[in-house]
Amino acid sequence: MLTIPALPYPFPFPLARTALIVIDMQRDFLEPGGFGEALGNDVTQLRPSVAPTRALLDAFRARGLPVIHTKEVHRPDLSDCPPSKLNRGGGPLRIGDPGPMGRILVAGEPGSDIIPELAPLAGEIVIEKPGKGAFYATPLADALAELGTSHLIFAGVTTEVCVQTTMREANDRGFECLLVEDATDSYFPAFKAATLAMIRAQGGIVGWTAPSAAVVAALE
Ligand code: TIU
């Protein structure tokens, strides 16, 4: 077992059973003209997490450890987007509408791509998901079972929406979970801070948090 200095206490992990999961680092959330901006958000708020996420990717890749990327996308016919999600927001652009990066949050459109800095490498698992959580209506659970994964290191956006939803369910499914503090961002810094605090409260009720430097150092 290796150990990462973490909160609320050190995080022990077996290297061979640990995977990195990077949630939804897509152009639709991080670049102007996508879903995030259509919801009225300042997309520049998500930029600080890019370099730390890249450092995690480099460290996991150098060790030959599994990397899983997720993307929040819908089928072109929107058959996997319930009306409750389609109609939410009330802004001028909705899921499936044409925007400057193609149709908003639709699989295969330029806006749905993971940003170039964090692009998946050949052989890395990419999970397309119609919801906020990465387990709902996806093959993620089967993929993790096949890998023999017991411990998950989380990065991605946004902290309190897709990252937290996925981490909470992973925790319920028996995974030991650590969220990397500087490799996640929210459009609302106060929500990010609150999410980190609630994850590690009550003795780590949902899991652990640690800075990327501590995770990278543990892998060296
Ligand atoms: N709106 C928002 O904060 N997030 C999402 O809609 N999806 C993800 O978090 N990926």
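None of the values given here were measured: they were computed from a predicted structure. The written sequence of each chain sets the order in which its residues are numbered from 1. With pLDDT at 70 or above as the cut-off, local features in this predicted model cover only qualifying residues; side-chain atom pairs require 80 or more to be listed or tallied, and sums for whole chains, interfaces and linings still use all residues.

A. Spotlight on the UniProt feature "domain: Isochorismatase-like" (unreviewed entry) in the chain. UniProt positions are given in the numbering used here, feature names are shortened, and annotations may be inferred rather than shown by experiment. UniProt annotation of "domain: Isochorismatase-like" (unreviewed entry) refers to residues 18-206 when read in the numbering used here. A run of DSSP states H or I qualifies as a helix once it reaches four residues; a run of E qualifies as a strand once it reaches two. Both are numbered from the N-terminal end. For residues 18-206, the end-to-end C-alpha separation is 17 Å, with 34% helix and 20% strand making up the annotated structure.

B. The arrangement of the site of the ligand in detail. The environment of the ligand is formed by Asp-24, Phe-29, Leu-39, Glu-72, Lys-132, Val-157, Thr-158, Val-161, Cys-162 and Tyr-187. Here the term charged refers only to Asp, Glu, Lys and Arg, the term nonpolar to Ala, Val, Leu, Ile, Met, Phe, Trp, Tyr, Cys and Pro, and the term polar to all other amino acids, Gly among them. By residue class, the composition of the shell around the ligand is 6 nonpolar, 1 polar and 3 charged. The criterion for a residue being near a molecule or strand is a backbone-placed C-beta atom within 6 Å of that molecule or strand.

C. Local environment of unusual backbone geometry. Each neighbour pair has its own omega, and for Leu-7 with Pro-8 the value is 10°, a cis peptide bond. Among the structural elements, Pro-8 can be located in the loop between strand E1 (2-4) and strand E2 (11-13). With omega at -15°, the peptide bond leading from Val-157 into Thr-158 counts as cis. If you trace the backbone, Thr-158 turns up in the loop between strand E8 (151-157) and helix H6 (159-172). Unlike most non-glycine residues, Leu-105 shows phi in positive territory, near 60°. Along the chain, Leu-105 turns up in the loop between strand E6 (102-103) and strand E7 (125-129).

D. Structural context of the packing of H6 against helix H7 (residues 189-204). Closest axis-to-axis distance for the H6/H7 pair is 10 Å, and the angle between their directions is 25°. Classified by the angle their axes make, H6 and H7 are roughly parallel. Here Thr-159, Glu-160 and Gln-164 of H6 come into contact with H7, specifically with Phe-191, Lys-192 and Thr-195. Its residues assigned to classes, the contact of H6 with H7 comprises 1 nonpolar, 3 polar and 2 charged. Note on geometry: axes are C-alpha line fits, over the in-contact stretch for helices, and angles between N-to-C directions span 0 to 180 degrees. What sets the label is the angle itself: under 35 degrees gives roughly parallel, over 145 gives roughly antiparallel, 65 to 115 gives roughly perpendicular, and the rest give oblique. Any pair of residues counts as being in contact when their C-beta atoms, constructed from backbone geometry, are within 7 Å of one another.

E. Broad picture of the sheet that holds strand E9 (residues 176-185). Being paired, for any two strands, means DSSP has found at least two bridges between them. In spatial order, the strands read E7-E4-E3-E8-E9-E10; together these 6 strands make up an open sheet with parallel pairing. The open sheet is flanked by E7 and strand E10 (208-210), the only strands paired with a single partner. On average, adjacent strands in this sheet sit at an angle of 25° to one another, irrespective of strand direction. Here strand E3 (residues 18-23) pairs with strand E4 (residues 67-72) via 4 bridges, running parallel. Its bridge partner being in E4, Val-22 is matched across the sheet by His-69.

F. Representation of the packing of helix H3 (residues 50-63) against helix H8 (residues 212-219) in the model. Contact geometry of H3 with H8 gives a least axis separation of 10 Å together with a crossing angle of 10°. Comparing their axes, H8 and H3 come out roughly parallel. Along its contact with H3, which presents Pro-52, Ala-55, Leu-56, Ala-59 and Arg-63, the element H8 presents Ser-212, Val-215, Val-216 and Leu-219. In terms of residue class, the contact of H3 with H8 is built from 7 nonpolar, 1 polar and 1 charged.

G. Fine view of the environment of Thr-138. Relative to the assigned elements, Thr-138 resides in the loop between E7 and helix H5 (140-147). Around each residue's C-beta, the other C-beta atoms within 10 Å are counted; 20 or more make the residue buried, 12 or fewer make it exposed, and counts in between make it partly exposed. All C-beta atoms are placed from the backbone. Note on Thr-138: 16 C-beta atoms within 10 Å, which makes it partly exposed. Along the sequence, Thr-138 and Glu-128 sit 10 residues apart, while their C-alpha atoms lie 7.0 Å from each other. Excluding residues that lie within four positions of it along the chain, Thr-138 makes contacts with Ile-127 and Lys-129.

H. Local environment of H6. Given the number of residues in a helix, its expected span is that number minus one, multiplied by 1.5 Å. With 14 residues, H6 should reach 20 Å at 1.5 Å per residue; the first-to-last C-alpha distance of 18 Å fits that figure. The sharpest bend along H6 reaches about 25° and sits at Thr-165. Of all the positions in H6, only Thr-159, Glu-160, Cys-162, Val-163, Gln-164, Thr-166, Met-167 and Ala-170 are classed as buried. The secondary structure elements touched by the buried residues of H6 are E3, E4, E8, E9 and H7. In this analysis the local bend is the angle between axes fitted, respectively, to the seven residues ending at and the seven residues starting at the residue.

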